[in-house]
Amino acid sequence: MNKKITVLPGDGIGPEIVAEAIKVLNKVADQFGHSFEYTYVDIGGCSIDKYGVPITDEGMKLCKESDSVLLGAVGGPKWDNVDPSIRPEKALLAVRKELGLFANLRPTKLFPQLADASPLKQEIVGNGIDLLIVRELTGGVYFGQRKTEEVNGELVATDWMPYSEHEIERIGRVAFETAMKRGKKLASVDKANVLDTSRLWRKTMHRLSEEYPEVAYSDILVDNTAMQLIKNPTQFDVLVTENMFGDILSDEASMLTGSIGMMPSASLSEGTLGMYEPIHGSAPDIAGMNIANPLGTILSAAMMLRYSFDMAKEADAIEAAVNQVLDNGYRTGDIMQEGCKKVACNEMGDLVASYI
Ligand code: NAD
């Protein structure tokens, strides 16, 4: 297969970690007989420096016209005080909006080899955590109307949290389809004991669940979910939830693995176009030192193959290679353990590629 990938390395460690993911993608292309064509576009601070905007119209067009987008990270102290209308992260919001990326997939995987890095006790993490949060990304309270007004002599602020049936249904379908490709277990997170949006959410999810009889479906309240993620995270396979609950729960879940450098993510549209990126930022404190962990970005590339290109075998090959590198005791500084071999960012990329 021939695929066009727009590559957005961004700022800080972005270019270093993205280079390692490209190395691994090239090895996959060689081994499996595909061809990946890369177009590089500036995004974030580097684009502000060159063009005065965090992404140009031409760059956005290239993202839209490609089969998929791979992002490193944006931002850094150099751009902390630029005009708020052109801040680096504005480019990310713009890409999400322009590409219609309404579904955010965040796998939380604690590799058994890194169990010591988890803040949870060994008896709780067992043989490793492997759950996936599907977060609705373009609706709810972050996108509703907001206002602050004076009522009876004091300021009153209001944020609306609208959800329509079609928005719930399309994220629900992504969640059920994803559960079908994993452990066939889905928990829908809401606050249906209080919120109307959650009651509509629950009703819609129940209707959808009838179309997926193979998926073991359950409802769970968001407050209980926050507790269960710490108490018994291995009970979960796929969790689906609305925008704000998903924002909070996915950050909580990511901490269970103890290593931000390992975590990939995907943002999907209604078609096959998606944006794939590690969950961490541009890590300016270690930029240019060749010590960043590229595995989160490499695993994001694996998600791109699985979800945008329908290349499950190829994605499995990348994930297996990452597992093997960890089994063989290679670690970047952030996940270093006693008795392991410390490697640089580019060496980690070489190792993963060599195991494909
Ligand atoms: P960060 O995720 O960049 O870094 C937090 C800590 O984790 C740092 O100590 C960093 O060195 C370490 N770290 C992060 N990724 C790592 C990796 N791959 N390997 C090893 N260590 C890693 O968060 P921050 O410091 O709060 O933010 C830095 C900049 O990134 C800010 O400008 C912020 O706005 C931006 N940011 C961007 C994104 C994005 O592009 N999606 C997300 C979050 C933050």
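Residues numbered from 1 in each chain as written. Predicted model: local features only at pLDDT ≥ 70, side-chain atom pairs only at ≥ 80, totals over all residues. Heavy atoms only, no water.

With respect to the sheet that holds strand S3 (residues 68-73)
Quick note on the threshold: A pair of strands is considered paired only if DSSP assigns at least 2 bridges between the two. The helix count covers DSSP runs of H or I at least four residues long, the strand count covers runs of E at least two residues long, and both are numbered beginning at the N terminus. In this analysis, axes come from line fits to C-alpha atoms, helices being fitted only over the stretch in contact, and the angle between any two N-to-C directions falls in the range 0 to 180 degrees.
Taken together, ten strands build an open sheet; the order of strands is S2-S1-S3-S12-S11-S4-S5-S10-S8-S9 and the sheet is mixed. Across the chains shown, the open sheet's two edge strands, defined by having one partner strand only, are strand S2 (35-40) and strand S9 (216-221). Taken over all neighbouring pairs, the strand axes of this sheet differ in orientation by 25 degrees on average, direction set aside. Taken together, the seven bridges between strand S4 (residues 103-109) and strand S5 (residues 130-136) define a ladder with antiparallel strand orientation. Paired with Pro 107 across the strands is Leu 132, a residue of S5.

A look at the domain arrangement of the protein chain
Let me state the cut-off plainly: As used throughout, domain bounds are those supplied by an automatic or database domain assignment. Working rule for contacts: check all heavy atoms of both residues, and any pair within 4.5 Å makes them a contact. A quick way to say it: buried area is the sum, across both parts, of accessible area lost when two parts are put together, with a 1.4 Å probe.
Domains assigned within the protein chain are domain 1 (1-103 + 284-356) and domain 2 (119-257). On a C-alpha basis, the centroid separation for the pair domain 1 and domain 2 is 26 Å. Taken together, the contact pairs five residues of domain 1 with ten residues of domain 2. Contact between domain 1 and domain 2 buries roughly 720 Å² in total, counting both sides, with carbon and sulfur atoms accounting for 70%. The three residues of domain 1 that bury the most area against domain 2 are Phe 102, Ala 103 and Tyr 307, which together make up 70% of that side's buried surface.

Some remarks on the layout of surface pockets
Rules: We place a 1 Å grid over just the protein atoms. Points where a 1.4 Å probe fits but has no way out form a cavity, open points with protein on both sides within 12 Å along at least 5 of 7 lines form a pocket, and any residue with an atom within 4 Å of a point lines it. Grid points are joined across faces, edges and corners, and a volume is the space filled by probe spheres set on the points. Under the scheme applied here, ten amino acids are nonpolar (Ala, Val, Leu, Ile, Met, Phe, Trp, Tyr, Cys and Pro), four are charged (Asp, Glu, Lys and Arg), and all others, including Gly, are polar.
Counted as a void, the largest pocket has a volume near 710 Å³. What lines the largest pocket is a set of 31 residues, among which Leu 92, Arg 96, Arg 106, Arg 135 and Glu 277 lie closest to the centre. Secondary-structure elements contributing two or more residues to the lining of the largest pocket are S3, helix H4 (88-98), S4, helix H9 (243-255), strand S11 (264-268) and strand S12 (274-278). A breakdown of the residues in the lining of the largest pocket according to their chemical character gives 13 nonpolar, ten polar and eight charged. The residues that make up the lining of the largest pocket include at least three from each of domain 1 (1-103 + 284-356) and domain 2 (119-257). In this structure, the second largest pocket occupies an estimated 470 Å³ of space. Lining the second largest pocket are 19 residues, and of these Pro 107, Asp 130, Arg 182, Arg 306 and Glu 319 lie nearest its centre. Residue assignment for the lining of the second largest pocket shows that the elements contributing at least two residues are S4, S5, helix H10 (295-307) and helix H11 (312-327). Grouping the amino acids of the lining of the second largest pocket by side-chain chemistry returns eleven nonpolar, one polar and seven charged. Formed jointly, the lining of the second largest pocket draws a minimum of three residues from each of two domains, domain 1 (1-103 + 284-356) and domain 2 (119-257).

Digging into the pattern of salt bridges
This is how it is decided: When a carboxyl oxygen of Asp or Glu lies within 4 Å of a side-chain nitrogen of Lys or Arg, that pair is called a salt bridge. Here the term buried applies to any residue with accessible area under 20% of the maximum for its type, exposed to any over 50%, and partly exposed to those in between, with areas from a 1.4 Å probe on protein chains only.
Within this structure, the stated rule accounts for 26 salt bridges. The partner of Lys 23 in a salt bridge is Asp 350, with the nearest N and O atoms 2.7 Å apart. In this pair, Lys 23 is assigned in helix H1 (residues 14-32) and Asp 350 in helix H12 (residues 345-354), connecting sequence segments 327 residues apart. Between Asp 196 and Arg 199 there is a salt bridge, and its shortest N-O distance comes to 3.1 Å. In this pair, Asp 196 and Arg 199 both sit in helix H7 (residues 196-209), three residues apart, roughly one turn of the helix. Accessibility expressed as a relative area gives 59% for Asp 196, which makes it exposed. Residue classification places Arg 199 among the partly exposed residues on the basis of a relative accessible area of 39%. Each member of the salt-bridge network shares a partner with another, and the members are Glu 165, Glu 169, Arg 173, Arg 207 and Glu 211.

Section: the pairing of S3
S3 sits mainly inside the fold: six of its six residues count as buried. Here strand S1 (residues 2-10) runs beside S3; their pairing, made up of five bridges, is parallel. Within the sheet, the bridge partner assigned to Thr 6 lies in S3 and is Val 69. By the bridge criterion, two bridges tie S3 to S12 in an arrangement that is parallel.

A few points about the environment of Leu 273
Inspection of the secondary structure puts Leu 273 in the loop between S11 and S12. Owing to a relative accessible area of 14%, Leu 273 belongs among the buried residues under this scheme. What Leu 273 contacts, discounting residues up to four positions off in sequence, is Cys 63, Lys 64, Ser 66, Asp 67, Ser 68, Val 69, Leu 99, Leu 101, Leu 268 and Ser 308.

Digging into unusual backbone geometry
With the exception of glycine, the majority of residues adopt a negative phi angle, and the majority of peptide bonds are in the trans configuration. Its identity as a non-glycine residue notwithstanding, Asn 152 has a phi of 50 degrees, on the positive side. You can see Asn 152 is positioned in the loop between strand S6 (146-151) and strand S7 (154-159). At Lys 184, a residue that is not glycine, the phi angle is positive and equals roughly 60 degrees. As for its placement among the helices and strands, Lys 184 is situated in the loop between helix H6 (165-181) and strand S8 (185-190).

Here's the deal with the environment of Thr 272
Note that Thr 272 resides in the loop between S11 and S12. For Thr 272, a relative accessible area of 54% translates into the label exposed. Thr 272 sits 72 residues away from Ala 344 along the chain, and the two C-alpha atoms are 34 Å apart.

A short note on the packing of aromatic side chains
Rules: Working definition: a ring pair exists when centres of Phe, Tyr or Trp rings (six-membered ring for Trp) sit within 6.5 Å. Plane angles under 30 degrees give stacked, over 60 give edge-to-face, the rest tilted.
Evaluated as defined, the whole model comprises four aromatic pairs. Note on Phe 176 and Tyr 212: the rings are 4.8 Å apart at their centroids and 10 degrees apart in plane angle, and the pair reads as stacked. Remark: Tyr 212 occurs in the loop between H7 and S9 and Phe 176 occurs in helix H6; sequence separation between them is 36 residues. The pair Phe 176 / Tyr 212 is uniform in exposure class, with both members buried.

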